[in-house]
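# Structure at a glance
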Amino acid sequence: MSTLDRRRILGPANVKPLIFGLSSSQSKQENKIEEEEEEDINSQISKTFIKTGLITNANGSSYLEYNGNIISVSIYGPRPVRGTFTEKTSLDVHLDDNTETISDLLNKKFCNYIENNFTTVINLNKYPKSGISIFINVLSINNFQKYKYKLLSLISDATTIALINSGIEIIDIVSSTFDLNSNTVISFIKSNEIVGLLSDSNKIYKDVNDFNKIIKKLGNDSNIVKNSLINYLMSGN
Amino acid sequence: MTIDIPKYTFPGQPLSPVYQSSNNKSIIEYIPGNGTILSKINNIDVINSTLLGNVKVNEVLLTDEEVAEKTISQKFKIEVINNKQNEYSELNDNGIIINNTYLPKEGDIVLVRVLKISLKQANVEIIAIENSGNISKESGIGMNGYQQSNVTSGSNGQFLSIINNGLNESGENFRGIIRVQDIRSTEKDKVKIVESFKPNDIIRAKVLSIGDGQNYYLTTNENEFGVVFAKSQNGNGQLMYPIDWQNMIVPSTGEIELRKCAKPF
(Lines give C-alpha, C1' and ligand atoms only; values in the text may rest on other atoms or scores of the structure.)
Protein backbone atom coordinates (compact mmCIF):
# COMPACT_ATOMS: atom_id res chain seq x y z
CA MET A 1 0.00 0.00 0.00
CA SER A 2 1.21 3.45 -0.76
CA THR A 3 2.33 5.43 2.24
CA LEU A 4 1.41 8.62 0.44
CA ASP A 5 -1.73 9.88 2.13
CA ARG A 6 -1.85 13.60 1.72
CA ARG A 7 -5.54 13.79 2.41
CA ARG A 8 -4.98 12.39 5.93
CA ILE A 9 -7.56 9.68 5.61
CA LEU A 10 -5.43 7.21 7.47
CA GLY A 11 -4.69 9.44 10.45
CA PRO A 12 -1.30 10.17 12.01
CA ALA A 13 1.40 7.53 11.63
CA ASN A 14 1.99 7.04 15.34
CA VAL A 15 -1.67 6.44 16.17
CA LYS A 16 -2.40 3.30 18.19
CA PRO A 17 -5.38 1.20 17.20
CA LEU A 18 -8.11 0.40 19.70
CA ILE A 19 -7.72 -3.14 20.94
CA PHE A 20 -10.78 -5.11 21.90
CA GLY A 21 -10.85 -8.50 23.54
CA LEU A 22 -7.94 -10.39 24.95
CA SER A 23 -4.54 -8.90 25.62
CA SER A 24 -1.54 -10.60 24.08
CA SER A 25 -0.68 -12.55 27.23
CA GLN A 26 -4.21 -13.84 27.64
CA SER A 27 -4.47 -14.98 24.04
CA LYS A 28 -1.37 -17.14 24.45
CA GLN A 29 -3.57 -19.84 25.81
CA GLU A 30 -2.37 -23.38 26.11
CA ASN A 31 -5.48 -25.46 26.01
CA LYS A 32 -4.82 -29.10 26.27
CA ILE A 33 -5.02 -30.65 22.86
CA GLU A 34 -5.80 -34.31 22.84
CA GLU A 35 -3.18 -36.12 20.86
CA GLU A 36 -5.70 -38.65 19.63
CA GLU A 37 -7.68 -35.83 18.15
CA GLU A 38 -4.64 -34.73 16.17
CA GLU A 39 -4.85 -38.10 14.43
CA ASP A 40 -8.53 -37.73 13.57
CA ILE A 41 -8.83 -35.27 10.68
CA ASN A 42 -12.62 -35.54 10.50
CA SER A 43 -13.19 -34.43 14.06
CA GLN A 44 -10.81 -31.50 13.48
CA ILE A 45 -12.77 -30.38 10.43
CA SER A 46 -16.05 -30.43 12.32
CA LYS A 47 -14.51 -28.06 14.87
CA THR A 48 -13.23 -25.59 12.26
CA PHE A 49 -15.00 -22.33 11.52
CA ILE A 50 -14.46 -20.50 8.22
CA LYS A 51 -15.95 -17.26 6.94
CA THR A 52 -15.05 -15.31 3.80
CA GLY A 53 -15.43 -11.76 2.58
CA LEU A 54 -15.43 -10.11 6.01
CA ILE A 55 -12.83 -7.50 5.10
CA THR A 56 -14.63 -5.51 2.43
CA ASN A 57 -11.71 -3.24 1.55
CA ALA A 58 -9.62 -6.19 0.46
CA ASN A 59 -10.08 -7.99 -2.84
CA GLY A 60 -10.63 -11.17 -0.90
CA SER A 61 -10.44 -12.32 2.69
CA SER A 62 -10.98 -15.27 4.95
CA TYR A 63 -11.29 -15.90 8.66
CA LEU A 64 -10.49 -19.28 10.20
CA GLU A 65 -10.88 -20.55 13.75
CA TYR A 66 -9.78 -23.91 15.05
CA ASN A 67 -9.16 -24.94 18.64
CA GLY A 68 -7.85 -21.62 19.92
CA ASN A 69 -6.05 -20.70 16.72
CA ILE A 70 -7.58 -17.69 14.98
CA ILE A 71 -6.28 -16.52 11.60
CA SER A 72 -7.47 -13.81 9.26
CA VAL A 73 -6.07 -13.52 5.73
CA SER A 74 -6.68 -10.66 3.33
CA ILE A 75 -5.64 -10.43 -0.31
CA TYR A 76 -4.93 -7.17 -2.08
CA GLY A 77 -4.43 -7.12 -5.81
CA PRO A 78 -3.70 -7.52 -8.58
CA ARG A 79 -2.52 -3.95 -8.27
CA PRO A 80 0.06 -2.01 -10.24
CA VAL A 81 3.74 -2.26 -9.41
CA ARG A 82 6.05 0.54 -10.41
CA GLY A 83 9.33 -0.07 -12.17
CA THR A 84 10.31 -2.24 -15.09
CA PHE A 85 7.91 -4.29 -17.16
CA THR A 86 7.07 -7.68 -15.69
CA GLU A 87 5.19 -10.32 -17.63
CA LYS A 88 3.95 -12.12 -14.55
CA THR A 89 2.54 -10.91 -11.29
CA SER A 90 4.74 -10.90 -8.21
CA LEU A 91 3.56 -12.24 -4.90
CA ASP A 92 4.40 -10.86 -1.48
CA VAL A 93 3.37 -12.28 1.87
CA HIS A 94 3.24 -10.46 5.20
CA LEU A 95 2.54 -12.15 8.49
CA ASP A 96 1.40 -10.09 11.43
CA ASP A 97 1.32 -11.84 14.80
CA ASN A 98 -0.91 -10.09 17.34
CA THR A 99 0.03 -12.53 20.10
CA GLU A 100 3.78 -11.80 19.82
CA THR A 101 4.62 -15.48 19.98
CA ILE A 102 6.14 -16.10 16.58
CA SER A 103 9.82 -15.20 16.34
CA ASP A 104 11.08 -13.14 13.42
CA LEU A 105 12.88 -16.15 11.98
CA LEU A 106 9.78 -18.33 12.07
CA ASN A 107 7.71 -15.48 10.70
CA LYS A 108 10.02 -15.34 7.70
CA LYS A 109 9.93 -19.10 7.35
CA PHE A 110 6.13 -19.13 7.35
CA CYS A 111 5.95 -16.30 4.81
CA ASN A 112 8.38 -18.08 2.50
CA TYR A 113 6.42 -21.29 2.79
CA ILE A 114 3.15 -19.58 1.86
CA GLU A 115 4.80 -17.64 -0.96
CA ASN A 116 6.36 -20.78 -2.45
CA ASN A 117 3.09 -22.67 -2.15
CA PHE A 118 1.07 -20.11 -3.98
CA THR A 119 3.48 -18.94 -6.68
CA THR A 120 3.14 -22.43 -8.12
CA VAL A 121 -0.64 -22.33 -7.93
CA ILE A 122 -1.68 -18.81 -8.97
CA ASN A 123 -2.13 -18.35 -12.71
CA LEU A 124 0.59 -15.68 -12.76
CA ASN A 125 0.51 -15.05 -16.51
CA LYS A 126 -2.99 -13.59 -16.27
CA TYR A 127 -1.80 -10.57 -14.35
CA PRO A 128 1.08 -8.75 -16.09
CA LYS A 129 2.65 -5.61 -14.57
CA SER A 130 1.02 -6.17 -11.22
CA GLY A 131 1.52 -7.53 -7.75
CA ILE A 132 -0.59 -9.51 -5.32
CA SER A 133 -0.19 -8.99 -1.59
CA ILE A 134 -1.22 -11.54 0.99
CA PHE A 135 -1.64 -10.22 4.54
CA ILE A 136 -1.91 -12.85 7.26
CA ASN A 137 -3.09 -11.84 10.72
CA VAL A 138 -2.60 -14.33 13.52
CA LEU A 139 -5.05 -13.29 16.22
CA SER A 140 -4.69 -16.17 18.64
CA ILE A 141 -2.42 -19.18 19.02
CA ASN A 142 -2.89 -22.38 20.98
CA ASN A 143 0.23 -24.15 22.29
CA PHE A 144 2.64 -22.74 19.74
CA GLN A 145 5.73 -24.68 20.83
CA LYS A 146 4.21 -28.03 20.05
CA TYR A 147 1.80 -27.10 17.28
CA LYS A 148 3.63 -24.41 15.32
CA TYR A 149 3.35 -26.26 12.02
CA LYS A 150 -0.30 -26.99 12.73
CA LEU A 151 -0.73 -23.22 12.71
CA LEU A 152 1.13 -23.05 9.39
CA SER A 153 -1.17 -25.64 7.81
CA LEU A 154 -4.18 -23.63 8.99
CA ILE A 155 -2.65 -20.44 7.57
CA SER A 156 -2.15 -22.18 4.24
CA ASP A 157 -5.76 -23.37 4.12
CA ALA A 158 -7.04 -19.91 5.08
CA THR A 159 -4.92 -18.37 2.31
CA THR A 160 -6.39 -20.76 -0.27
CA ILE A 161 -9.91 -19.75 0.72
CA ALA A 162 -9.01 -16.04 0.68
CA LEU A 163 -7.47 -16.34 -2.81
CA ILE A 164 -10.59 -18.06 -4.11
CA ASN A 165 -12.70 -15.36 -2.49
CA SER A 166 -10.65 -12.67 -4.22
CA GLY A 167 -11.37 -14.08 -7.67
CA ILE A 168 -7.69 -14.49 -8.49
CA GLU A 169 -7.22 -17.43 -10.83
CA ILE A 170 -5.59 -20.47 -9.22
CA ILE A 171 -5.03 -23.79 -10.95
CA ASP A 172 -6.08 -25.93 -8.01
CA ILE A 173 -7.04 -25.88 -4.34
CA VAL A 174 -4.06 -26.17 -2.00
CA SER A 175 -4.82 -28.27 1.05
CA SER A 176 -2.31 -28.60 3.86
CA THR A 177 -2.05 -31.18 6.62
CA PHE A 178 0.06 -31.62 9.69
CA ASP A 179 1.60 -34.66 11.35
CA LEU A 180 2.31 -34.33 15.06
CA ASN A 181 4.76 -37.21 15.53
CA SER A 182 7.17 -36.05 12.85
CA ASN A 183 6.22 -32.34 13.22
CA THR A 184 5.71 -32.05 9.48
CA VAL A 185 3.44 -29.92 7.33
CA ILE A 186 2.86 -30.80 3.68
CA SER A 187 0.74 -28.95 1.11
CA PHE A 188 -0.83 -30.82 -1.75
CA ILE A 189 -2.56 -29.99 -5.02
CA LYS A 190 -4.29 -32.34 -7.46
CA SER A 191 -4.65 -35.11 -4.84
CA ASN A 192 -0.97 -36.09 -4.73
CA GLU A 193 1.32 -33.35 -6.01
CA ILE A 194 3.36 -31.75 -3.23
CA VAL A 195 3.80 -27.98 -3.47
CA GLY A 196 5.25 -27.37 -0.03
CA LEU A 197 6.93 -29.33 2.74
CA LEU A 198 8.35 -28.25 6.07
CA SER A 199 9.58 -30.68 8.71
CA ASP A 200 11.18 -30.08 12.07
CA SER A 201 11.56 -33.56 13.41
CA ASN A 202 14.00 -34.34 16.23
CA LYS A 203 14.16 -37.99 15.47
CA ILE A 204 16.13 -39.32 12.56
CA TYR A 205 14.18 -41.30 10.03
CA LYS A 206 15.18 -44.92 9.79
CA ASP A 207 14.75 -45.05 6.05
CA VAL A 208 12.86 -43.51 3.16
CA ASN A 209 9.86 -45.78 3.77
CA ASP A 210 9.33 -44.13 7.11
CA PHE A 211 8.95 -40.77 5.44
CA ASN A 212 6.88 -42.23 2.63
CA LYS A 213 4.38 -43.41 5.22
CA ILE A 214 4.02 -39.88 6.56
CA ILE A 215 3.54 -38.48 3.06
CA LYS A 216 0.91 -41.10 2.33
CA LYS A 217 -0.95 -40.46 5.55
CA LEU A 218 -0.89 -36.69 5.07
CA GLY A 219 -1.92 -37.15 1.44
CA ASN A 220 -5.04 -39.00 2.53
CA ASP A 221 -5.79 -36.39 5.15
CA SER A 222 -5.31 -33.59 2.65
CA ASN A 223 -7.93 -35.13 0.37
CA ILE A 224 -10.40 -35.01 3.23
CA VAL A 225 -9.45 -31.39 3.96
CA LYS A 226 -9.80 -30.54 0.28
CA ASN A 227 -13.22 -32.13 0.06
CA SER A 228 -14.46 -30.17 3.03
CA LEU A 229 -13.04 -26.94 1.60
CA ILE A 230 -14.85 -27.64 -1.67
CA ASN A 231 -18.03 -28.42 0.25
CA TYR A 232 -17.74 -25.09 2.02
CA LEU A 233 -17.13 -23.21 -1.25
CA MET A 234 -19.95 -24.88 -3.15
CA SER A 235 -22.43 -24.41 -0.30
CA GLY A 236 -21.98 -20.64 -0.61
CA ASN A 237 -23.84 -20.65 -3.92
CA MET B 1 -20.81 -40.06 -25.31
CA THR B 2 -20.67 -36.49 -24.14
CA ILE B 3 -19.56 -35.28 -20.78
CA ASP B 4 -21.83 -32.81 -19.05
CA ILE B 5 -20.21 -29.52 -18.14
CA PRO B 6 -20.99 -28.49 -14.54
CA LYS B 7 -22.96 -25.26 -14.06
CA TYR B 8 -21.15 -24.11 -10.92
CA THR B 9 -17.50 -24.84 -10.35
CA PHE B 10 -14.48 -24.39 -8.08
CA PRO B 11 -10.75 -23.95 -8.89
CA GLY B 12 -9.11 -27.12 -10.12
CA GLN B 13 -12.26 -28.86 -11.31
CA PRO B 14 -11.98 -30.37 -14.81
CA LEU B 15 -14.81 -28.95 -16.93
CA SER B 16 -14.49 -30.71 -20.26
CA PRO B 17 -11.96 -32.37 -22.54
CA VAL B 18 -10.93 -30.18 -25.47
CA TYR B 19 -12.52 -32.53 -28.02
CA GLN B 20 -15.80 -34.33 -27.53
CA SER B 21 -17.82 -36.33 -29.98
CA SER B 22 -21.55 -35.86 -29.96
CA ASN B 23 -24.16 -38.54 -30.76
CA ASN B 24 -24.06 -38.14 -34.53
CA LYS B 25 -20.29 -38.67 -34.44
CA SER B 26 -19.35 -35.09 -35.19
CA ILE B 27 -16.53 -33.61 -33.16
CA ILE B 28 -17.05 -30.60 -30.90
CA GLU B 29 -14.08 -28.50 -29.87
CA TYR B 30 -13.97 -26.54 -26.63
CA ILE B 31 -11.61 -23.61 -26.12
CA PRO B 32 -10.61 -22.15 -22.74
CA GLY B 33 -11.86 -18.62 -21.99
CA ASN B 34 -11.59 -16.43 -18.93
CA GLY B 35 -11.36 -18.27 -15.64
CA THR B 36 -10.18 -21.51 -17.21
CA ILE B 37 -6.84 -23.07 -18.06
CA LEU B 38 -5.70 -25.82 -20.40
CA SER B 39 -4.10 -28.76 -18.62
CA LYS B 40 -3.44 -32.44 -19.10
CA ILE B 41 -5.00 -35.40 -17.31
CA ASN B 42 -3.56 -38.78 -18.39
CA ASN B 43 -2.22 -37.11 -21.54
CA ILE B 44 -5.64 -35.84 -22.55
CA ASP B 45 -6.08 -32.10 -23.00
CA VAL B 46 -8.65 -30.91 -20.51
CA ILE B 47 -10.09 -27.51 -19.64
CA ASN B 48 -9.85 -26.85 -15.91
CA SER B 49 -11.57 -24.15 -13.91
CA THR B 50 -9.46 -21.58 -12.06
CA LEU B 51 -12.25 -19.66 -10.33
CA LEU B 52 -15.24 -20.26 -8.11
CA GLY B 53 -18.35 -19.35 -10.04
CA ASN B 54 -20.83 -20.00 -12.81
CA VAL B 55 -19.78 -21.75 -16.01
CA LYS B 56 -20.78 -20.11 -19.27
CA VAL B 57 -20.55 -21.97 -22.58
CA ASN B 58 -20.89 -19.89 -25.74
CA GLU B 59 -20.69 -21.05 -29.33
CA VAL B 60 -17.84 -19.63 -31.38
CA LEU B 61 -18.24 -19.36 -35.15
CA LEU B 62 -15.89 -21.59 -37.13
CA THR B 63 -13.35 -19.97 -39.42
CA ASP B 64 -13.53 -20.65 -43.16
CA GLU B 65 -10.49 -22.92 -42.95
CA GLU B 66 -12.05 -25.03 -40.23
CA VAL B 67 -15.27 -25.36 -42.23
CA ALA B 68 -13.24 -26.47 -45.25
CA GLU B 69 -11.27 -29.04 -43.25
CA LYS B 70 -14.47 -30.55 -41.84
CA THR B 71 -12.64 -31.99 -38.83
CA ILE B 72 -14.78 -30.24 -36.25
CA SER B 73 -18.46 -29.45 -36.53
CA GLN B 74 -18.93 -27.03 -33.67
CA LYS B 75 -16.78 -24.92 -31.41
CA PHE B 76 -17.59 -23.64 -27.92
CA LYS B 77 -15.82 -21.32 -25.55
CA ILE B 78 -15.95 -22.17 -21.85
CA GLU B 79 -15.75 -19.33 -19.35
CA VAL B 80 -16.07 -19.15 -15.59
CA ILE B 81 -17.67 -16.01 -14.19
CA ASN B 82 -16.50 -15.34 -10.66
CA ASN B 83 -19.39 -15.26 -8.26
CA LYS B 84 -18.29 -13.07 -5.39
CA GLN B 85 -20.56 -13.01 -2.43
CA ASN B 86 -19.87 -9.60 -1.09
CA GLU B 87 -22.06 -6.59 -0.57
CA TYR B 88 -19.80 -4.42 -2.69
CA SER B 89 -19.90 -6.69 -5.70
CA GLU B 90 -21.68 -5.17 -8.63
CA LEU B 91 -24.05 -6.71 -11.09
CA ASN B 92 -23.85 -6.43 -14.85
CA ASP B 93 -26.85 -6.43 -17.22
CA ASN B 94 -27.29 -10.17 -17.01
CA GLY B 95 -27.39 -10.17 -13.21
CA ILE B 96 -24.02 -11.90 -13.03
CA ILE B 97 -21.63 -10.65 -10.40
CA ILE B 98 -18.59 -9.46 -12.23
CA ASN B 99 -15.01 -10.11 -11.46
CA ASN B 100 -12.95 -7.17 -10.30
CA THR B 101 -9.60 -8.83 -10.71
CA TYR B 102 -9.65 -8.56 -14.49
CA LEU B 103 -6.80 -6.51 -15.94
CA PRO B 104 -6.92 -4.60 -19.25
CA LYS B 105 -5.80 -6.44 -22.36
CA GLU B 106 -5.11 -5.31 -25.90
CA GLY B 107 -8.34 -4.24 -27.57
CA ASP B 108 -10.29 -3.71 -24.37
CA ILE B 109 -12.34 -0.55 -24.04
CA VAL B 110 -11.58 1.40 -20.87
CA LEU B 111 -12.74 4.51 -19.08
CA VAL B 112 -9.86 6.70 -17.93
CA ARG B 113 -9.35 9.98 -16.12
CA VAL B 114 -6.79 12.49 -17.40
CA LEU B 115 -4.11 13.21 -14.81
CA LYS B 116 -1.80 15.54 -16.70
CA ILE B 117 -1.19 16.74 -20.20
CA SER B 118 1.95 17.70 -22.07
CA LEU B 119 2.73 18.59 -25.68
CA LYS B 120 3.41 14.96 -26.63
CA GLN B 121 0.97 12.94 -24.58
CA ALA B 122 -1.81 12.81 -22.01
CA ASN B 123 -1.19 10.79 -18.86
CA VAL B 124 -4.28 9.03 -17.56
CA GLU B 125 -5.35 6.58 -14.89
CA ILE B 126 -7.58 3.66 -15.78
CA ILE B 127 -10.81 3.63 -13.79
CA ALA B 128 -12.88 0.87 -15.32
CA ILE B 129 -12.95 -1.70 -18.09
CA GLU B 130 -16.11 -1.80 -20.16
CA ASN B 131 -18.27 -4.84 -19.32
CA SER B 132 -16.12 -5.91 -16.39
CA GLY B 133 -16.34 -3.17 -13.80
CA ASN B 134 -13.93 -1.14 -11.77
CA ILE B 135 -10.31 -1.98 -12.27
CA SER B 136 -9.45 -2.33 -8.62
CA LYS B 137 -11.00 -2.09 -5.27
CA GLU B 138 -10.22 0.91 -3.19
CA SER B 139 -8.30 -0.15 -0.14
CA GLY B 140 -9.39 2.47 2.33
CA ILE B 141 -7.68 5.48 0.84
CA GLY B 142 -10.75 6.71 -0.95
CA MET B 143 -9.52 6.33 -4.50
CA ASN B 144 -12.92 5.55 -6.02
CA GLY B 145 -14.66 8.27 -4.08
CA TYR B 146 -12.17 10.78 -5.45
CA GLN B 147 -13.37 14.35 -5.02
CA GLN B 148 -11.64 17.37 -6.35
CA SER B 149 -10.99 20.08 -3.80
CA ASN B 150 -9.82 23.57 -4.54
CA VAL B 151 -7.16 24.59 -2.09
CA THR B 152 -6.80 28.17 -3.23
CA SER B 153 -8.88 30.51 -5.32
CA GLY B 154 -8.05 33.35 -7.67
CA SER B 155 -5.86 33.31 -10.72
CA ASN B 156 -3.39 30.82 -9.28
CA GLY B 157 -6.16 28.59 -7.99
CA GLN B 158 -6.92 27.04 -11.33
CA PHE B 159 -3.31 26.23 -11.90
CA LEU B 160 -2.98 24.65 -8.46
CA SER B 161 -6.02 22.49 -8.93
CA ILE B 162 -4.47 21.09 -12.10
CA ILE B 163 -1.31 20.18 -10.22
CA ASN B 164 -3.33 18.54 -7.47
CA ASN B 165 -5.23 16.46 -9.94
CA GLY B 166 -2.08 15.67 -11.86
CA LEU B 167 -0.71 13.57 -9.03
CA ASN B 168 -2.41 10.31 -8.31
CA GLU B 169 -3.19 10.61 -4.63
CA SER B 170 -3.10 6.97 -3.75
CA GLY B 171 -0.74 5.70 -6.46
CA GLU B 172 -2.89 2.62 -6.70
CA ASN B 173 -4.37 2.77 -10.16
CA PHE B 174 -3.02 1.43 -13.41
CA ARG B 175 -1.83 4.27 -15.60
CA GLY B 176 -1.94 4.87 -19.30
CA ILE B 177 -0.65 7.21 -21.98
CA ILE B 178 -2.51 8.61 -24.96
CA ARG B 179 0.11 9.89 -27.40
CA VAL B 180 -0.71 12.87 -29.61
CA GLN B 181 -0.61 10.72 -32.77
CA ASP B 182 -3.15 8.29 -31.29
CA ILE B 183 -5.85 10.87 -30.59
CA ARG B 184 -7.41 11.17 -34.04
CA SER B 185 -7.23 9.01 -37.14
CA THR B 186 -7.21 11.94 -39.57
CA GLU B 187 -5.06 15.09 -39.75
CA LYS B 188 -2.82 13.68 -37.06
CA ASP B 189 -0.22 16.40 -37.45
CA LYS B 190 -2.71 19.15 -36.61
CA VAL B 191 -3.83 17.56 -33.33
CA LYS B 192 -2.91 19.41 -30.17
CA ILE B 193 -3.31 17.83 -26.77
CA VAL B 194 -4.74 20.99 -25.13
CA GLU B 195 -7.43 21.13 -27.81
CA SER B 196 -8.36 17.50 -27.16
CA PHE B 197 -8.17 16.76 -23.44
CA LYS B 198 -7.93 18.63 -20.15
CA PRO B 199 -6.97 17.25 -16.73
CA ASN B 200 -9.87 15.54 -14.94
CA ASP B 201 -11.78 14.71 -18.15
CA ILE B 202 -13.23 11.23 -18.36
CA ILE B 203 -12.31 9.54 -21.62
CA ARG B 204 -13.46 6.37 -23.30
CA ALA B 205 -10.44 4.79 -25.00
CA LYS B 206 -9.14 1.53 -26.42
CA VAL B 207 -6.03 -0.30 -25.20
CA LEU B 208 -3.37 -0.33 -27.94
CA SER B 209 -0.83 -2.38 -26.00
CA ILE B 210 -0.07 -3.24 -22.41
CA GLY B 211 2.94 -1.00 -22.84
CA ASP B 212 5.94 -0.79 -20.55
CA GLY B 213 6.44 -1.10 -16.82
CA GLN B 214 4.73 2.18 -16.10
CA ASN B 215 1.93 2.72 -18.57
CA TYR B 216 -0.62 1.14 -20.83
CA TYR B 217 -0.79 2.69 -24.31
CA LEU B 218 -4.26 3.85 -25.26
CA THR B 219 -5.88 5.32 -28.37
CA THR B 220 -8.98 7.39 -29.13
CA ASN B 221 -8.68 7.37 -32.93
CA GLU B 222 -12.18 6.07 -33.61
CA ASN B 223 -15.52 7.87 -33.53
CA GLU B 224 -16.80 6.13 -30.41
CA PHE B 225 -13.72 7.10 -28.38
CA GLY B 226 -12.88 10.42 -26.78
CA VAL B 227 -14.11 12.64 -23.98
CA VAL B 228 -17.40 11.50 -22.44
CA PHE B 229 -17.52 13.69 -19.35
CA ALA B 230 -15.82 17.05 -18.92
CA LYS B 231 -16.30 20.19 -16.90
CA SER B 232 -15.54 23.62 -18.25
CA GLN B 233 -12.79 25.95 -16.94
CA ASN B 234 -10.30 23.18 -16.11
CA GLY B 235 -12.82 21.29 -14.05
CA ASN B 236 -14.08 24.27 -12.05
CA GLY B 237 -17.12 24.97 -14.24
CA GLN B 238 -20.18 22.98 -15.14
CA LEU B 239 -20.70 19.75 -17.02
CA MET B 240 -20.40 20.12 -20.78
CA TYR B 241 -22.16 18.34 -23.61
CA PRO B 242 -20.75 17.62 -27.07
CA ILE B 243 -22.19 19.65 -29.96
CA ASP B 244 -19.94 18.26 -32.70
CA TRP B 245 -16.77 16.19 -33.05
CA GLN B 246 -14.50 18.82 -31.52
CA ASN B 247 -16.60 21.20 -29.40
CA MET B 248 -18.38 20.88 -26.09
CA ILE B 249 -20.83 23.37 -24.62
CA VAL B 250 -22.16 24.31 -21.20
CA PRO B 251 -25.91 24.61 -21.92
CA SER B 252 -26.66 27.21 -19.24
CA THR B 253 -23.86 29.66 -20.05
CA GLY B 254 -23.07 28.88 -23.65
CA GLU B 255 -19.32 28.48 -23.02
CA ILE B 256 -17.68 26.39 -25.71
CA GLU B 257 -14.43 24.48 -25.24
CA LEU B 258 -12.40 22.32 -27.59
CA ARG B 259 -12.28 18.56 -26.94
CA LYS B 260 -11.89 15.31 -28.86
CA CYS B 261 -15.49 14.21 -28.28
CA ALA B 262 -16.70 10.65 -28.23
CA LYS B 263 -19.69 9.91 -30.42
CA PRO B 264 -22.69 10.28 -28.09
CA PHE B 265 -24.58 7.04 -27.62
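The shown structure was predicted, so the numbers you read here are calculated from the model rather than taken from an experiment. (Residues numbered from 1 in each chain as written. Chains lettered and ligands numbered in written order. Predicted model: local features only at pLDDT ≥ 70, side-chain atom pairs only at ≥ 80, totals over all residues. Heavy atoms only, no water.)

Here we come to the sheet that holds strand β16 (residues 241-242) of chain B. An order of β16-β17-β18 (chain B) is seen for the three strands of this open sheet, with the pairing classed as antiparallel. Single-partner strands in this sheet number two, and they are β16 and β18 (256-258) of chain B. (Pairing = 2+ DSSP bridges. Helix = DSSP H or I, 4+ residues; strand = E, 2+ residues; numbered from the N terminus.)

On to the environment of isoleucine 127 of chain B. By the element assignment, isoleucine 127 of chain B lies in strand β10 (residues 121-129). In the structure, isoleucine 127 of chain B is positioned 85 residues away from aspartate 212 of chain B in sequence and 19 Å away in space, judged by C-alpha atoms.

With that out of the way, let us pick up the nonpolar core. Ranked by internal contacts, the top residues of the largest apolar core, which has 83 residues, are Phe110, Ile122, Ile136, Leu151 and Ile155 of chain A together with Leu218 of chain B. If you tally residues by element for this core, the top one is helix α5 (residues 144-166) of chain A, at 12 residues. Residues within four places of isoleucine 122 of chain A in sequence aside, it is in contact with Leu91, Ile132, Leu163, Ile168, Glu169 and Ile170 of chain A. (Core = buried A, V, L, I, M, F, W, Y, C linked by side-chain atoms within 4.5 Å. Buried < 20%, exposed > 50% of the residue type's maximum accessible area, 1.4 Å probe, protein only. Contact = heavy atoms within 4.5 Å.)

Residues and elements named next belong to chain B. A positive phi is found at glutamate 187, a non-glycine position, where the angle reads about 45°. Looking at where glutamate 187 falls in the secondary structure, it is placed in the loop between β12 (175-179) and β13 (202-209). Notably, glutamine 233 is not glycine yet its phi reads approximately 50°, a positive angle. Looking at where glutamine 233 falls in the secondary structure, it is placed in the loop between β15 (226-229) and β16. We classify glutamine 233 as partly exposed; its relative accessible area is 36%.

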